[in-house]
Each structure stands twice: as structure tokens, then as C-alpha cells.
Amino acid sequence: MTGFPRDQWFVAAYGSEIGHDLFTRTICGEPILFWRTRDGAVTAMPDRCVHRRFPLSQPPSRLVDDQVVCGYHGFTYDASGKCVAVPGQTRIPRTARLLPYPVVEQDSFVWVFVGDPANADAARIPRAPWLVSPDYTTVAGMEPLQARYELLVDNLLDLSHETYLHGGYIGTPEVASTPITTEVDEDAGIVYVSRHMDDAECPPFYSKSTGLEGRIARWQDIEYTPPCLYKLHSRIAPVGSVPNPDGTDPDAFHVEVVYAITPETETSTHDFWCVARDFALGDEDVSAFLAENNRTVVMQDVVALNVLEKVIATEPEGYQELSINIDTGGLAARRMLKRLCEKA
Amino acid sequence: MTGFPRDQWFVAAYGSEIGHDLFTRTICGEPILFWRTRDGAVTAMPDRCVHRRFPLSQPPSRLVDDQVVCGYHGFTYDASGKCVAVPGQTRIPRTARLLPYPVVEQDSFVWVFVGDPANADAARIPRAPWLVSPDYTTVAGMEPLQARYELLVDNLLDLSHETYLHGGYIGTPEVASTPITTEVDEDAGIVYVSRHMDDAECPPFYSKSTGLEGRIARWQDIEYTPPCLYKLHSRIAPVGSVPNPDGTDPDAFHVEVVYAITPETETSTHDFWCVARDFALGDEDVSAFLAENNRTVVMQDVVALNVLEKVIATEPEGYQELSINIDTGGLAARRMLKRLCEKA
Amino acid sequence: MTGFPRDQWFVAAYGSEIGHDLFTRTICGEPILFWRTRDGAVTAMPDRCVHRRFPLSQPPSRLVDDQVVCGYHGFTYDASGKCVAVPGQTRIPRTARLLPYPVVEQDSFVWVFVGDPANADAARIPRAPWLVSPDYTTVAGMEPLQARYELLVDNLLDLSHETYLHGGYIGTPEVASTPITTEVDEDAGIVYVSRHMDDAECPPFYSKSTGLEGRIARWQDIEYTPPCLYKLHSRIAPVGSVPNPDGTDPDAFHVEVVYAITPETETSTHDFWCVARDFALGDEDVSAFLAENNRTVVMQDVVALNVLEKVIATEPEGYQELSINIDTGGLAARRMLKRLCEKA
């Protein structure tokens, strides 16, 4: 465990999860209370009454208009976290307030900034425009992971595991056998890992959704912006097809796989996953197939990573892993995460 | 957690719980074995064989007349804790004995003294005579609480929470809005908190049991003798009625609510509760109503305090609460408890 | 807890448990992977891929001929622990290997050596030849114990507990009341405890299996070779019968009760038990009776020792037991175990 990166933006929820009801989620060990105010904005504040630490999301705590009333003693807060009523007296202590978290709703996600709000620069939030673009159809979900977020980062940065852990779903022999290229943009804080398979088996995930048969070109271009946003640009095309010089790529099918990797506690993680495609737009059968299939794949990872967390819990201190070429991207990501944690 | 107060009397059980069977309960982290001897006295000794620590309450351990036989190797103890038989030899080691706990059975409770028996002064045990008085009818119960006892002390010393946590049961708006008066008798070791509502809604708990309708005078006079005994003298009367100068109070209904707050472990508590009334004596419908209603109220507290214990388990060290006027009694109780723990 | 004895042989499994499938068991805190190769030998190596610590016994890890393929990224190991394939490259890192554990299959058990393999001397493994002898019929089992192995050693070295914990099964009053003799062979590393009851009740365990009725001679001769192998030579005969000077003993029934006591973690144990008899050979009714009855007895121990482990977990540090004559063998065993742990 390298700790939590501080002064960072994390995906807390899909926007669709938060309505005019109290909603709670723990991010980096901090329980956070959310609701959508009547003007449509999402609030975020500590889910803990300043008085006797009762969770404001816990019934009988309740939302009255745009104020939350603590279910224990009635301390009442407005949408900015300011305390507006306490029991037994009219004077409200000056320090009775909940410090709100900076929030940005963007690309279907609710992002919160964990750290010093003075450092919250919304321009630094990485984008995933496909998730709300009319040119794409997206399926998405979130699975709770009983493992530290670093294990999910390792997992996603090295897709050679598809061949073994996801064989029969998205894995074929070529994923493990094709070498990768890795690039690290230290200034932008991005790790790139590419694997271009020019003549590969088409796994069921893509054959059933695209209708392609036989061998394909399959390109995987990973773009990870630590700590939270992971994008896999996936290109599926007939063997021999390449994009045009102007960037258009009419013979190919494009899938933008997006993960948001949000630490819940030191040993658990919110595993948000989205699959956006530029074909079969609005086709509900294809959407249902991809949603079910991708969830199966995510759950294969969840089972494996939960096992790894248990292995870590019982292994002797100082246990050393062995890394090889496929790990280059993951190791670069670890170095970046380490710096984000140390800076804090 | 301030630790356990030492050299103190605690309620271990209702007398009715202990018969001529082995009975075990952990008090302040110490597992204690009880049984009622054939002459009617209650024994109390460590629930742990001196030989290989087998619990004497654990089958096949058993009571034979007034001796307990360990179910592992047969070490046998009499009602004073003296070992009277060991296997394989006739000589019994001098140190083979269980040090009994001082016990007093009083006011329906079995009190045990945890600490140095030389300091056990039965005259210091606070009284609750209504629980065994023919002038009162009592309903009672005990709920296991997965929270430290201090949270229950906080809860009971500040009844403004009735309005929120127990709304619809014993809470009405006046409880939270009426200021309290607090008095601390350092010599006697008692905290008093009073709230006299002279024109208040009558909650269902009292309207259904007394038959009073409309607005009432509702007085709450708390008397807490740390660490264990909490009494709420509750007076319900028509608006405007006051007790006579001679103390008689014929127009009022009196309810003596008694709690015994007994630490089980550092994070769990035995929550004994009793409701004694001076009206509808022997009326089984009223008894059933008050028993069910009060148990519901206790369980609302149990749920809330169990949540608080979990909050404490995951919050950062040094988290600071914010206290206001309603907390005056609770803070005084905390100071007294702290002294009782330090003295130990 | 005195820790784990190091540089020692432990029973990991019955040979019958291990076939041409991946099998895992944790010994002294180390998860170990086993399988039987096609030539019949049992392998033993760490159950943890050198790459990212995935358990090699965890699906989709799988055995392909005599090689195990990691289910996460496909690292492949042969039966000697050597890595023979990794994904994405042909060069295999020199350090990619799993250090095998020395294994000996003997007397129905699979023994593994935990410690420095250079110190593994198979001649030091204690024997239990009855378990595979045609002159004996054996029933056996293994129960997981949620208690440290020392508690099982204590239990087995002092059989006076049979009278209390196993009354009605193998316990009669004479076991607790008959004194023992204890001998310690420091050079051979063996503790002997004997109890010869020359005129005793016959417990159901023996009356139903031997057909003996009334009083019997019952000899219990314990031979414990720390840390793992415990043998109880049990002799049941008509009162007055003694073995012949030449060692033959035609009037007696002999039961060799063998336990292998293998630490799993610091607070859990694999409790292997075997009952070998030299009478009613091949009689399935007698086998079924002894298997069921002995398993019941073992489970009585399991329940009791699991309770003791919980008692230890909550008791104050420095709690002192009281020992008497019956504990002489157990105390000798503890001293030997302590030395085995310190030597490590």
C-alpha cells in the first residue's frame, strides 16, 4: 500500500446515481455525503455530523428541501455545509460547518476533489467525452472490489492477463504473445501502453458485437492518467485495414473502454467501468450483450484481485515480486502513484 | 475509549436471569461465572478454570449440587471458588482457587464489584427501589450493544435526541427546543439534568399508557450515578398541574425509567432498561404496550450507537466533536468517568 | 504462541488426498501447492506465482501435463518449480523459479520439510507403520482446528481429559484417577507418558469394537515426537492378562491411535487422526463404528480447543496457568517445542 494520492480528483459516482436523496460513498477513507439540490447541482460534504459524528446519510437523518437534518440530534446543514439549526438554542456555533468538497459533473461522472480545496483545478480532470457523445452508445457499471486500488491499476495496465484470466471472453493467445510499447509523459502525467495485433483471433466479445468473422486487426491503446482515469482505445478492423491519413477510419469498429479507479479504503476500491462503441448505436441487443459480457470480465478481475488482497494480508513482510517486459506500463504507473502519494 | 472504571459496582444481570444453572456474562472484559446456590445466594467468580483456562460455563462443564466441575479435566470448585478436587492426585494445590467477586442482589439487579474486593462497599451501590416496590409496575429488558458504554452515557444524558431519533415514539418538538438545567454533585458523584416542559405535545408512549390527551406538562429529571446507574424521573400531568408542597402529586403520572450501563468489552455494552410506573398497576395491556414501545426505542438507540462505534473505528485519530448547551450533562458525566478510570 | 518450529518435517496431507489435480494447504503460515505427477511422485512448491503472487491453485490456474499454468498471466512452472514460459517474451528470467519443498510419502502421509532444504534429513521422520500394514485396519480423517497447535499438544499429552470431555465415548472414571508415569528422551526427542489401568470400566469405544464386556485392563502408552507425530499405543485386554515375555500378546486387542499435529497459521491447526487396530480386520461395521465414534471424540476436542483459542485472544497478557502431576508430559512437550522454535 502506497497510501492515498492527495489533492486529486476522483470519480465518486455516476451522475445518474445521485438524485434528490441522501447518498453516501467513502472515497480515500473519507465518508462523503451527496445529494442533488433542486437546482440540479451535486453537493459533497463529510458524511459526519460535527456534533456527535452521526452519519448524515443514516436514517432517520433526512433531506428537507435542500437541507440535511441529522437523525440523532437534529443539527441541520444547508447545501453549502453551513449549519443552520441546532437543538436547544438559537445561537449556532461559528465552527459548526461541514467543509464541502469541490465537485464537477462531467462525462457522466461526478468527480470530487480530495485534499486541500485551494488546489482543486477542474481543468486537470481528464476527459472521457465518448461517454456522453451522441456518436457513441455506452454501457456501464460499478463493482465493489475488496482489494487495494494499486492491484486494479496493475491489472489494467498489463492486458496480457486477458489471455489467461479472460480466456473465452476477451482473451486470445495473441494478447499475451504480442509485445507492447510503453511511453510515459511525465509532464502531462500519463502512461501510454500500446499493443497492435495485426492478425489475431477475434474474441466473442467483438465478433458478436461487430459481426466480424475470422482474423482481425486488434489494436489496444491504453492511456492512464493516475490516479483515477484509465482509457483503453480499442480498434477492431479487418486484417490489413489501417486508418486514413486524415484520421478517419471507416472500416474499423472503435470501442472506448473507460475505467475509473477510486480508492474506498486502503484495501478496497470502487471499480467503475464503461464500454462506449461507435457502431450498432442504440442497438439494445448489442448493448445487453456487451454489458453482460463486460460485467463478467470485470467480475473475473474482482475475484482474482480479492484473492491477491488476501494473499498480501498473510504473506511475510518484504515479499518481492518479479517483473518482466509486460509490466513496464504498470511499473511506470506505480512510480507516478508513489510520487502523488509522497507529494501529499 | 477512556478504559474501564475500576473498583466499581456494575449490574451484571437481573436476579431473575440467574437460577441453579451456570450463567456467564463478561463485565469490563472479565468473563464471570454465576449461579444461584441452593440457599438462594448468587455466586460470582472468574469463568476460567485455573488449570488450562477452560470456561466453567462451557459444556460439558456442569453444576453438581453447589460445585462446578470443569468440563475439560474435572477441576471442581465450591461456591466460594475454592478448588475441592483435581484429577490424578488427592493433594490440591494451595493456589488452586477462584477469587470470588463481591455480589449484592438489590432492586431486582445482581450487582458485582469489579476491582479490589477490599474496596467493595455495598453502601455505595445506588438504589432504584421502584423496581421492586408494590406501588409500581415494572417492565424491563436488556439489549446487547456493539458500542462502547460512553456512547450510551452520552445518549442518555442528552434527551434532545428523542425528538429526532425517537420521533413518533417518545420524541416531540419540545424535547429538543426546551433548555436544560444541569447540576453536578461532585461529592455524591451524581450528575443531574432537568428539562421541564410545561406545555408540550403528549407522545404516544404516554398518551396510550395514561389516557391523557392534548397538551401536557412533561418533566424529565435525570439522575446519573457513574458509572452504571441512570435514572430518569419522568412526570406527566395535565398542563398547569404542579406537585403539592408536601410532595404528593395526585394529578400526575410518574414513570421511573432506569438504565444500567455495564461495559462488556471496550467496544460493547450490556444495556439494561426498566420502566416502572405508578399507574395502571398490574394492567397487562399497558405493561405489554410499554414493554414493546420502550424496546423499540432502545433498539433505535442500539442501531444508532452501533453505527457510531463503526464510525469511530474508521475515523482518523484526534477527530474533534463540537459540543453545545445540550451536552453539558454528558460532558460532566465524561469528566467523572475519566476520573473513575484514572483512579484505577 | 511459541512460533513455528523450523527445519522440521510436517504431515501436509494423506497421500490419498493428492492426485493429478492442484491441491493447496497452508503449513506453518506458508501456502504450499501440491500435485501428483504422472510418474506418481508428489510435488510441493510455494502456492504463489513469482510474478504477481497469484495462487497457482486458484482457478483459472491449471495443470497441463506436469506443468502448472498461472491463471493470471500464464507463467508456467514444471514439477521442479522451474519457470518454463512467461508471456510476451521468450527469455525467462533466471530468478523465475519456485523453490520446491522436500517431500516424503510414507506411512500413508505426505510429509513436507519446512525450513532450509539443506537440513532435510528424511531419516528423522518418525514412523507409523501400522497405518499401511496388512496386519492392521485403519480409519482416518482430518479436522480443521481454529486453535494453535500447542493446545492440541497439551490436549493429547494429558488424557485425563477423556473422563470429562469424552465421557460416554472413550472416558471412564479410571482415566482421570490413575496416575501417569512420564519419561523424556532428550536425545531422541521423544516424550513418553504411560497410564496402565489394570481394572477399569470398558468404554463403548472398545466394548463395541472388541466385544469385551465388564472390567478390562486398559493401557495407554503415549509416544510423542515433537512437533508433529503423536502415537497412542492402546492395549485392551481381560483383567489380569499381560503380554508374554517374548512380546506376543494374544489375549489383547491393540489400537494404534496416531495424530499428526500440523500448524496451519499461528492460531489454526490441521488435526490429522488415525485409528489402526489389529482385530476385526476388514470388518466394515467395526470400521464405520470406530470412524464415526473417533470423529465425534475429535470434534469434542475441536470445540473445546476452539473455545480456548478465543479465551486466549481476550485474556490479559501474562495470564498464568496452574499445572499439576497430569501435566508433566505436556510441560515436557512444551519445553521441547520451545527449543525447536528457538533453534530456528
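Small disclaimer: the values here were computed from a predicted structure and weren't measured.

As a further point, take the overall build of chain A. Helices and strands together make up the secondary structure of chain A, namely six helices and 17 strands. By the compact-globule yardstick of 20 Å for 344 residues, chain A fits well, its C-alpha radius of gyration being 22 Å. Referenced to the eigenvectors of the C-alpha coordinate spread, the extents of chain A come out at roughly 75 × 50 × 35 Å. Going through the 344 residues of chain A one by one, you find that 58% of them count as buried. Taking the intrachain contacts of chain A between residues at least 6 apart in sequence as the baseline, contacts between residues at least 24 apart amount to 59%. As displayed, chain A has an accessible area near 13,900 Å², and 51% of this comes from carbon and sulfur atoms. Of note, chain A has its 29 positive side-chain charges centred 11 Å away from the centre of its 49 negative side-chain charges.

Its place among the elements puts Asn155 of chain A in helix 1 (residues 149-157). On the basis of relative accessible area, Asn155 of chain A is assigned to the buried category, the value being 0%.

Facing 24 residues of chain A, the contacting portion of chain B comprises 30 residues. Summing both sides of the interface, chain A and chain B together bury roughly 2,300 Å²; the carbon and sulfur share of this comes to 58%. Looking only at chain A, the three residues that lose the most surface to chain B are Arg52, Arg53 and Tyr72 of chain A, adding up to 35% of its buried area. Where chain A meets chain B, there are five salt bridges.

Residue and element names in this part refer to chain B. Pairing is antiparallel across the open sheet formed by three strands, whose spatial order is 1-10-9. In this open sheet, the two edge strands, each paired with only one partner strand, are strand 1 (8-14) and strand 9 (103-106). For this sheet the average axis-to-axis angle between neighbouring strands, irrespective of direction, equals 30°. In this sheet, strand 10 (residues 109-114) lies alongside strand 9 in antiparallel orientation, the contact comprising four bridges. When the bridges of strand 10 are listed, Gln106 appears paired with Phe109.

The two copies are related by a screw operation: chain B maps onto chain C through 120° of rotation and 0.0 Å of translation along the axis, at an RMSD of 0.0 Å. In the structure described here, the two chain copies are related by an operation that fits a three-fold rotation axis. When each C-alpha of chain B is compared by its distance to the rotation axis, Ala313 of chain B comes out closest, at 11 Å.

Residues and elements named next belong to chain B. Here helix 1 (residues 149-157) crosses helix 6 (residues 328-343) at 150°, and the two axes come no closer than 8 Å. Here helix 1 is positioned roughly antiparallel relative to helix 6, judged by the angle of their axes. Here helix 1 and helix 6 pass one another in a crossing that is right-handed. Contacts between helix 1 and helix 6 involve Tyr149, Val153, Asp154 and Leu157 on the former and, on the latter, Gly329, Gly330, Ala333, Arg334, Leu337 and Cys341. Here the residues of the contact of helix 1 with helix 6 are counted per class, giving six nonpolar, two polar and two charged.

We now examine the packing of aromatic side chains. Each aromatic ring pair is summarised here by two numbers: the centre-to-centre distance and the angle between the ring planes. For the structure on display, the rule yields 27 aromatic pairs over all chains. Ring geometry for Phe205 of chain A and Tyr206 of chain A: centres 5.0 Å apart, planes at 90°, overall edge-to-face. When sorted by exposure, Phe205 of chain A lands in the same class as Tyr206 of chain A, which is buried. Between Trp9 of chain B and Phe113 of chain B the ring centres are 5.2 Å apart and the planes differ by 65°, which places this aromatic pair in the edge-to-face class. Of this pair, Trp9 of chain B sits in strand 1 while Phe113 of chain B is found in strand 10, placing the two residues 104 residues apart along the sequence. A residue is classified by how much of its surface remains accessible, and Phe113 of chain B, at 0% relative accessible area, is buried. One aromatic cluster in this structure is built from Tyr14, Phe109, Trp111 and Phe272 of chain A.

Okay, the pattern of salt bridges next. One pass over the structure, following the stated rule, counts 66 salt bridges over all chains. Between Glu105 of chain C and Arg36 of chain C there is a salt bridge, with the nearest N and O atoms lying 2.9 Å from each other. With Glu105 of chain C in strand 9 (residues 103-106) and Arg36 of chain C in strand 3 (residues 30-36), the pair connects residues that are 69 residues apart, well separated along the chain. Residue classification places Arg36 of chain C among the buried positions, given a relative accessible area of 18%. One salt bridge connects Arg334 of chain C with Glu321 of chain C, and the closest N-O pair in it is separated by 3.0 Å. Of this pair, Arg334 of chain C sits in helix 6 (residues 328-343) while Glu321 of chain C sits in the loop between helix 5 (284-314) and helix 6; the two residues are 13 residues apart in sequence, bridging distant segments of the chain. Residues joined in a network through salt bridges with shared partners are Arg48, Arg52 and Arg53 of chain A together with Asp154, Glu315, Glu321, Asp327 and Arg334 of chain B.

What follows covers the UniProt feature "domain: Rieske" (unreviewed entry) in chain A. Mapped onto this structure's residue numbering, the UniProt feature "domain: Rieske" (unreviewed entry) falls at residues 9-112 of chain A. Taken end to end, residues 9-112 of chain A is 0% helix and 40% strand, and its first and last C-alpha atoms sit 5 Å apart.

Here the focus is the sheet that holds strand 2 (residues 23-27) of chain A. Residues and elements named next belong to chain A. The three strands lie next to each other as 2-3-4, forming an open sheet whose pairing is antiparallel. Each end of this open sheet is capped by a strand with a single partner; those strands are strand 2 and strand 4 (42-46). Averaged over all pairs of adjacent strands, the angle between their axes in this sheet comes to 30°, without regard to strand direction. Relative to strand 4, strand 3 (residues 30-36) runs antiparallel, the two sharing five bridges.

Procedures and definitions
Residues numbered from 1 in each chain as written. Chains lettered and ligands numbered in written order. Predicted model: local features only at pLDDT ≥ 70, side-chain atom pairs only at ≥ 80, totals over all residues. Heavy atoms only, no water. Helix = DSSP H or I, 4+ residues; strand = E, 2+ residues; numbered from the N terminus. Rg over C-alpha atoms; globule rule 2.2 N^0.38 Å. Buried < 20%, exposed > 50% of the residue type's maximum accessible area, 1.4 Å probe, protein only. Contact = heavy atoms within 4.5 Å. Areas by Shrake-Rupley, 256 points an atom, 1.4 Å probe, with all protein chains shown as cover. Lys, Arg positive; Asp, Glu negative; His and termini not counted. Charge placed at Lys NZ, Arg CZ, Asp CG, Glu CD. Buried area = accessible area lost by both parts, 1.4 Å probe. Salt bridge = Lys/Arg side-chain N within 4 Å of Asp/Glu carboxyl O. Pairing = 2+ DSSP bridges. Axes fitted to C-alpha atoms, helices over the stretch in contact; angles between N-to-C directions. Least-squares fit on C-alpha atoms with pLDDT ≥ 70 in both. Parallel < 35°, antiparallel > 145°, perpendicular 65-115°, else oblique. Left-handed = near helix turned anticlockwise from the far one by under 90°. Nonpolar A, V, L, I, M, F, W, Y, C, P; charged D, E, K, R; others polar. Phe/Tyr/Trp six-rings, centres within 6.5 Å; stacked < 30°, edge-to-face > 60°. UniProt positions renumbered as here; feature names shortened; annotations may be inferred.

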